[in-house]
Amino acid sequence: AHNGLINRDDILRDFETRALVPPLDIIHGDCMLYETRERARQVIGQNSFDCIITDPPYGIREAMTSGEDDDSSLPPLTQLFYAMGRDRAMGEPLLKVGGRLVAFIPVRKGETLEECLPELQAREEAGLVIEGEGREQVLNDMLSRWLVSFVCVS
């Protein structure tokens, strides 16, 4: 039994302990790097994904760079959308048309969700539009995160 703990040293064993179907692979990497996204596509037979769920970093790690592109000053989710747009332009979409990308988006006190969404150009290049209104989870007096769904339309 798992006793409420996650086995971070052997994640596949954790799936067994919980009687869950294990993933095809576990990829440790930066999704901003093309090589990481390509490896993920290879695991599923060079196809695109039906769904991507992400909780990008908020706060200090947002300033970190991947070294691949010049958009490293942008929030991580915006960077991912631009990376997805580059993949689409090469004919290697990460997400299928009709697929969903679900993400947590940090919103600080005094900001609105609309101000914190990935910029319109990034969404358009990735072929993503917002689906629904999203749901807020208040983390503390200064920060909330919104669960937002995007659908791939092209």
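Here the structure is a predicted model, which is why all the values come from computation and not from measurement. (Residues numbered from 1 in each chain as written. Predicted model: local features only at pLDDT ≥ 70, side-chain atom pairs only at ≥ 80, totals over all residues. Heavy atoms only, no water.)

(A) A look at the nonpolar core. Judged by nonpolar contacts, the single largest core of 23 residues is most densely connected at F81, M84, L101, L128 and F150. With residues near it in sequence (within four places) discarded, F150 still touches F81, G99, R100, L101, I105, L117, P118, R123, L128, V129, I130 and E131. (Core = buried A, V, L, I, M, F, W, Y, C linked by side-chain atoms within 4.5 Å. Buried < 20%, exposed > 50% of the residue type's maximum accessible area, 1.4 Å probe, protein only. Contact = heavy atoms within 4.5 Å.)

(B) Fine view of the sheet that holds strand 4 (residues 143–152). Taken together, four strands build an open sheet; the order of strands is 1-2-4-3 and the sheet is mixed. Since the sheet does not close on itself, it has two edges, and those belong to strand 1 (49–54) and strand 3 (128–138), each with one partner. Recorded for the sheet is a direction-independent mean angle of 15° between the axes of neighbouring strands. Against the sheet, helix 3 (residues 76–89) touches strand 1, strand 2 (95–108), strand 3 and strand 4, its axis set at about 160° to strand 2. (Pairing = 2+ DSSP bridges. Helix = DSSP H or I, 4+ residues; strand = E, 2+ residues; numbered from the N terminus. Axes fitted to C-alpha atoms, helices over the stretch in contact; angles between N-to-C directions.)

(C) Summary view of the pattern of salt bridges. For the structure shown, the criterion picks out nine salt bridges. With a closest N to O distance of 3.6 Å, R41 and E92 form a salt bridge. You can see R41 sitting in helix 2 (residues 34–43) and its partner E92 sitting in the loop between helix 3 and strand 2, a full 51 residues away along the chain. Here E92 falls in the partly exposed class, since its relative accessible area comes to 26%. Here D55 makes a salt bridge to R145, at a shortest N to O gap of 3.0 Å. In this pair, D55 sits in the loop between strand 1 and helix 3 while R145 sits in strand 4, placing the two residues 90 residues apart along the sequence. (Salt bridge = Lys/Arg side-chain N within 4 Å of Asp/Glu carboxyl O.)

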